[in-house]
Each structure stands twice: as C-alpha cells, then as structure tokens.
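Structure at a glance
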Amino acid sequence: MGGGKPVPLDKQSHRKVQVLGIDAGGTMTDTFFVDSEGDFVVGKAQSTPQNEALGLIASSKEGLERWGLTLEEALGEIQTGVYSGTAMLNRVVQRKGLRVGLIVNAGMEDFHRMGRAIQAYLGFAYEDRIHLNTHYYDEPLVPRQLTRGVMERVDMSGTVVIPLREETALTSAKDLIDLDVEGIVISLLHSYRNPAHERRVRDIVLEEVRKSGKKIPVFASTDYYPVRKETHRTNTTILEAYAAEPSRQTLNRISTSFKENGSKFDFRVMATHGGTISWKAKELARTIVSGPIGGVIGAKYLGEVLGYSNIACSDIGGTSFDVALITQNELTIRNDPDMARLVLSLPLVAMDSVGAGAGSFIRLDPYTKAIKLGPDSAGYRVGVCWEESGIETVTISDCHVILGYLNPDNFLGGQVKLDRERAWNAMKEQIADPLGLSVEDAAAGVIELLDSDLRDYLRSMISGKGSTPGNFVCFSYGGAGPVHTYGYTEGLGFEDVIVPAWAAGFSAFGCAAADFEYRYDKSLDINIATDAGDDLKTAQAKILQEAWEELKERVLEEFEINGYTPDKVRLQPGFRMQYRGQLNDLEIESPITEAHTSEDWDKLVDAFNDTYGRVYAASARSPELGYSVTGAIMRGTVPIPKPKIPKEELQGETPPEEARLGTRKFYRHKKWVDAQLYQMETLRPGNRITGPAIIESDATTFVVPGGFETFLDGHRLFHLKEV
C-alpha cells in the first residue's frame, strides 16, 4: 500500500529513504518508509512472533518494492528507525519473563504476591466485576520463594525510623544469587522520599554479584521510578528485569538483522509517554505498550498539520479496538495505568482498549446462547478461512469473508489465500445452526454486535469528557479500521469521519512522526493555600526547581549515551497539580523553564487553572483550599525529520475507469447487493463514491455501504458521511 504523491518511475531509483517506522502487532507487521521529499510508502506482512526480524524484513521488502528499491539500497540511506510492538506486553500476559529475585522490607515479603485489590478484577466485564466469586489473582511476576526482606524503615516523610541492618541485605543478596536468578529488584517503602537505604542495598547486592562472577543485572526502584505507591512502583521496576531485558535482546537481534542488510542506524522504540527512546535506554519498560501509542501520535501530528484540535482516535487491528481522545491538541497522560492486570507507575498516553478485533474468536455461551466476542484472538493466523492457520474457532475475519467485505484472493495483496467455503461451513456449525439463523444472518449479526459495542464505547469515552461527538473529528485506522468505520460511527454525529489512505500503516506512520524524547518523573508533596505569602510560594517554587534539576541530569545522561550533547536537546519541564481536597491531578506543561520566585509560582498556578478549565469546565475550578503539586516532570527532545502530509490537486468527482475493479456481492440488512469495487491507490483526489462500494488495497479494505458516501481529499484522506 503506497502513500504520498505518485512519483514517475524514472525518479524512483533516485530516492533517499530517511525514516523507517515499524509497528509489529500481534497479527500484522507494518513498515512505513519516508524519503527525503517527505513521500512515504507502507509495507505489510504477517507477524512472526517466533522471530520478529523475519516479519520486519518481509514487510520492509514488500513496501520498498513499490519504490523499485531493494532492502539493501534503502537501508544504507536511512537515518533513523523507530520500532513499536506488543512483544513485551505479550511476554507479561503469558508470564514468560526472566527468573527475577525481589528484595523488600522485612515483614513485607508477601505484598507483591497480594498486589492491590483492583488487580483481582482488572480487565473484567462489568458483570464479572460485581461478582466477587469471579475475581482471581494472576501468578505474581516474582514468586514468594524468590523474595527476601531486609531490616530498615523510612517513614512517609523520609525520616529514618530503623537504620539499615546491612547484614540482612548481604544475606538476601547471597540467597538470591545462589538461587540462580536472572535479575534482582530492590523496592523499599518510601524510598522515593529518601533513597539512601535502597541505594546502599543496591551497592551491597552489586558487590556480591561481582564476587560471584555471575552477570546479574540489579534494579533499584529509586534509580528507575522514584514515585509513590509501593505496589505500582515495585511492579514497574520488576518489569525492567522480568520483561524489558528479554525485549532488549529481541531488539538487539532486530537491529543486528537490519545491520546485516546494510543499515547504519540504531533503532529507537516508541515509549508510553508518546516520544521515542533508544532500545539501549535504561528504562525500557516504558515501551511495554508501544504499538497503539504510535497511532495516537500520528493522529496528533496529522491534526496539527491540518488544523484538527479535537480528535477521537480509533484503531482496529487483529486483536483489539483502541481508543484515545486528543482535546485541544493535547493528550491526556495517566501516571498510574494498568496493563496485563498489573498496576504500574508509568506515564502513559491515556487509551482504552476493548479486546475485540478482526481476529477475535466468536463463541456462544453454552447456557444463554449469547454471542461472546474475544477477548482471545487468532492473531496473525486470521481465522478458519485460512486453511494453514490451524484455527478451528470462527473469528470476525471469517464473517468479513462470508459477507463479501474481503476479497479472499487479495488478503495482504495475495500473500495469504482465504477460503470462503471453510469459513461458511464453520460459521454454520458453530453459530448459525445453534441459533436457528442463516449463515449470512449469523455473520451479519456478529458484525452488528461488534459495531454496536464499539459505538457505545466510543460514545461513553467522549461523554466522560463532558463533550459530544459533534465536537470531535473521528480518525479511523488500523488494518481492520476501515472495514468497520461506518458501523461504529453511524448515528454518533461526528464533525467528520476520516480514514487515511495509509490507515493500515498508521501506527507505523505515528512512529515516524514521533520525536526522539526522554522523560523522567519524580513524586513530590507540595501543598500551599490560595492566600499563601510570597516567602512560602518562593520556598515551594525552589523545591520544584530542585526536582527539575535532578531530572534534567537524568534526561541529558540518556541523550549523551546516544551521542547528543546538551546543546542539541530541548528541555521542557512540567508538573502534576491538583486542587487540595480533590483526588485526581493534571499534567501541566510548565510555562516557565525555571521556578525560583513567588511570581514564578503564580505562573504555574495560572497554567494549571487554565488547563483545568479546558479539560473540564471553567465553572468546575475549585481553588478554595489551595493547590498540591504531586510530581515533577522533565522532557528532553531532539527533533527528527517527519513525514510530509500529501497535498495533491483536486480532480473530478467521478473515479477514473482504471480504478474500477468490477463488483462483488455484499450482504447487509438481510439482503445481498452488488457493491462496486475500486482500487484505493488508483483513485484521485476529488473523487466521490456513493455506497454500496468497497475500496480495496493490498493492506486494508474500506467498506462504504448503502446510505454512505466518501470523498477523497488532496491529502489522500477519505471523508465518510451518512447520506
């Protein structure tokens, strides 16, 4: 699937490919190449979980073929490559990480195993959340027998109550080393307020590891995540040892594989906060959910270029439906997200995910005969319709094939051949016959159920912001997004519904549009009344400034590892603030670079009040009790070349004859109709298409049913409207 301006063949061999974006999903691996002119092309191949490099190489070759380039020719020119994927998250979900030891306070050895109560029902449907007998705890990342305690205690103010008994740290270190752990994590109570004890334990453990002659990495929470909430902080630091280290090895293999094909760049990875970091970065757990983040960053970049400030991002892949909201060009950052049924301390672009995608399995409840969608998925194996998949349970993709949405001979450009009869027979046996329906009605009912669920989910997210869909533009992307766009946006009344022609590679596009950025956070407890005097304001401003200085050193250290001197880095301080007495804080980008005086403090408060009024409402402001600063933030950014948004001259409304591919039977609303088929790449800006129609590309399919029409603008964005 290509994007950007059409380029004459004689110019293709002179391209200089500069940027590579990668989205290695559970089903498909997308690559996104940008040349020195800002033109881009998308490649797509099935993911290869057993060796991710294979899928990446295949996807890259598929995309570059459209430019008449070999992989070796392109890689020699590329300046930067950005990876996003779900391998680390899958490793945590499947509990297939490294053997890790944990050192905590004596008497607290069970707290990681106990977790937080919310971890017993995270990810459950509402009906399961309210019934206690459905709750359960997953196996802890670190088992009890690999947990040791040290005698010490620091109170919540950072005061030493019990001095560290160093012999207990020594014994704990020797025990875990003898048990052949592959990493050691240290997380002590309130170490974010006073890190002295935890750092001393770290040094003792490092010395014992050195004496043992073994290579065991050591992770102290205060070196990685100096923030409050012990369970969150401990879980996140454990992830560094348990899942990030093996992911680092995977990224090393990918980097090596590309270098063997001629690349000269080092890979960066999409981080949860929306920037990219090196795969060699210390805090690699920040990349645990990098894939969907890329799409949100791509939507924000596209919105900024085209003037859209309120965007509902919707991404359907093979395994999930991911939704995020951009309000007034700003992303919401959550500091205490949950992932894989674990509470974490990571800055994460606020997203919600439904476990329903194109590969989701369809089953009937044996008692009620209700249709259940997912949350498990066929992933890259598509469904029963692919004979080589080994799949026996029908999936959403099987419904697509049965109903005529997909061309069985052109899935992934013909790389995978699908069998409609196999899907039809399986749907008849598993779903249609037990419900007393025709196969077509059963498949259509499943699609309508999925679209209805997704529509309700999207509406509820926007309503939760105190807004309506009419104030938002909806971006629909992902390999399966354009198939369902009409279904989950119908009747919501969005200002506009947009499907980019490069929708299938949109998350990889977002990776290519993301800056090289490191971010560090630190918990603070600054409380001040509204009528506080200048001396107190000045003192509190200086506390925040000290935290910024500490975080700045860590940011610049990371960039130095990657060869960037401080003068190349743009620093942006931030903070988290809330009204005293409220439970939730907001992340604010600081309007000033340093805070030293009472006037500086007032500027910070003004920035918070302004942001609060935009996120909620001006009338909801509540400054009567004063303000609390709960955290300091420092971002460092090095800009990179970004993909250029296409801009082509509008042509006539009638699509060219060469874009027409004939017709295909399409089932909806209990009848078959002839849908006009079009080739996506051959359509011209200005073309208008009225449904029923199906617009095909090798990488995705855009469905325009009866009652809808779409218009292709000069940026190669399809605008979908109900008529």
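Residues numbered from 1 in each chain as written. Predicted model: local features only at pLDDT ≥ 70, side-chain atom pairs only at ≥ 80, totals over all residues. Heavy atoms only, no water.

Considering the side chain of Lys537
Using the following cut-off: In this description a helix means any DSSP run of H or I spanning at least four residues, a strand means any run of E spanning at least two, and both kinds are numbered starting from the N terminus. Exposed residues in this analysis have more than 50% of their type's maximum accessible area, buried residues have under 20%, and partly exposed residues fall in between, with area computed by a 1.4 Å probe over protein chains only. In what follows, a contact means two residues having at least one pair of non-hydrogen atoms within 4.5 Å.
Residue position: Lys537 is located in helix α17 (residues 534-561). On the basis of relative accessibility, which here comes to 12%, the residue Lys537 falls in the buried class. If we ignore the near neighbours within four places in the chain, the residues touching Lys537 are Ile528, Ala532, Ser598, Trp601 and Asp602.

A short note on the sheet that holds strand β9 (residues 183-186)
The test is simple: At least two bridges found by DSSP between two strands is the condition for calling them paired. To get an axis, fit a line to the C-alpha atoms, keeping to the stretch in contact for a helix; angles then go from 0 to 180 degrees between the N-to-C directions.
In spatial order, the strands read β6-β5-β9-β10; together these four strands make up an open sheet with parallel pairing. The open sheet terminates on both sides in strands that have one partner only, identified here as β6 (147-150) and β10 (218-220). On average, each strand axis in the sheet is tilted by 20 degrees relative to the strand beside it, whichever way the strands run. Seen against the sheet, helix α8 (residues 196-212) touches β5 (100-105), β6, β9 and β10 and runs at an angle of roughly 175 degrees to β10.

Details of helix α14 (residues 439-464)
Quick note on the threshold: Here, expected helix span is obtained from the residue count minus one, scaled by 1.5 Å.
With 26 residues, α14 should cover 38 Å at 1.5 Å per step; its first-to-last C-alpha distance of 38 Å lies within 8% of that length. Directly beyond the C-terminal end of α14, a positive phi value near 75 degrees is found at Gly466.

Quick word on the domain arrangement of the protein
Filter applied, for reference: Domain segmentation is taken from an automatic or database assignment of domains. A simple way to read buried area is as the amount of 1.4 Å-probe accessible surface that goes missing from two parts once joined, with both sides added. Salt bridge criterion: a side-chain nitrogen from Lys or Arg within 4 Å of a carboxyl oxygen from Asp or Glu. For this classification, the nonpolar set comprises Ala, Val, Leu, Ile, Met, Phe, Trp, Tyr, Cys and Pro, the charged set comprises Asp, Glu, Lys and Arg, and every other residue, Gly included, is treated as polar.
Under the domain assignment used here, the protein contains domain 1 (95-245), domain 2 (360-448), domain 3 (516-638) and domain 4 (650-722). Centre-to-centre separation of domain 2 and domain 4, based on C-alpha positions: 24 Å. On the domain 4 side, the residues contacting the 15 residues of domain 2 number 13 residues. Summed over both partners, the interface of domain 2 with domain 4 buries about 1,100 Å², with 48% contributed by carbon and sulfur atoms. Summed over the shared surface of domain 2 and domain 4, the number is one salt bridge. A salt bridge links Lys670 to Asp441; its shortest N-O distance comes to 3.3 Å. At the level of elements, α12 (396-403) and α14 are the ones that each hand at least two residues to the side of domain 2 that touches domain 4. Examining the composition of the side of domain 2 that touches domain 4, we find that four residues originate from one element, α14, more than from any other. Residue composition of the side of domain 2 that touches domain 4, grouped by class: seven nonpolar, four polar and four charged.

A short note on the UniProt feature "domain: Acetophenone carboxylase-like C-terminal" (unreviewed entry) in the protein
Threshold: UniProt positions are given in the numbering used here, feature names are shortened, and annotations may be inferred rather than shown by experiment.
The feature "domain: Acetophenone carboxylase-like C-terminal" (unreviewed entry), as given by UniProt, occupies residues 532-723 in the numbering adopted here. Within residues 532-723, the helical portion is 24% and the strand portion 34%, while the C-alpha atoms at the span's ends are 59 Å from each other.

Some thoughts on the sheet that holds strand β29 (residues 660-668)
Remark on secondary structure: sheet strands pair via backbone hydrogen bonds, oriented parallel or antiparallel. Reading across the sheet, the four strands line up as β29-β30-β32-β33 and stay open at both edges, with mixed pairing between neighbours. Looking at the sheet topology across the chains shown, the edges are occupied by β29 and β33 (701-704). Adjacent strand axes in the sheet meet at a mean angle of 25 degrees, parallel and antiparallel pairs treated alike. Pairing of strand β30 (residues 671-679) with strand β32 (residues 693-696), which is carried by four bridges, proceeds in the parallel orientation. When the sheet's bridge partners are listed, Gln679 is paired in β32 with Glu696.

Some details on the environment of Ile633
By the secondary structure assignment, Ile633 is in strand β28 (residues 627-638). Under the relative-accessibility criterion, Ile633 is labelled buried at 2%. Distance in space between the C-alpha atoms of Ile633 and Ala444 is 49 Å, their sequence separation being 189 residues.

Some thoughts on the side chain of Arg286
The residue Arg286 is located in the loop between β12 (276-278) and α11 (290-306) in this model. Apart from residues lying up to four places away in sequence, Arg286 is in contact with Tyr225, Glu240, Ala271, Thr272, His273, Leu346, Pro347, Arg519, Tyr520 and Asp521.

Quick look at the pattern of salt bridges
In the structure shown here, the tally under the stated rule is 48 salt bridges. For the salt bridge of Glu549 with Lys552, the shortest nitrogen-to-oxygen distance reads 3.7 Å. Of this pair, Glu549 and Lys552 both sit in helix α17, three residues apart, which is roughly one turn of that helix. Its relative accessible area of 31% is what places Glu549 among the partly exposed residues. Judged by its relative accessible area of 23%, Lys552 is partly exposed. Note that Arg664 is salt-bridged to Glu696, the shortest N-O span being 2.6 Å. Placement of Arg664 in strand β29 and of Glu696 in strand β32 is noted, with a sequence separation of 32 residues between them.

Points about the nonpolar core
So the rule is basically this: Think of a nonpolar core as a cluster: buried Ala, Val, Leu, Ile, Met, Phe, Trp, Tyr and Cys residues, connected wherever their side-chain atoms sit within 4.5 Å.
In this structure, Met427, Phe475 and Trp502 are the most contacted members of the largest nonpolar core, which totals 184 residues. The dominant element in this core, judged by the number of residues it contributes, is α14, at 11 residues. Counting 38 residues, the second largest nonpolar core, distinct from the first, contains Leu544, Val555, Leu586 and Met634.

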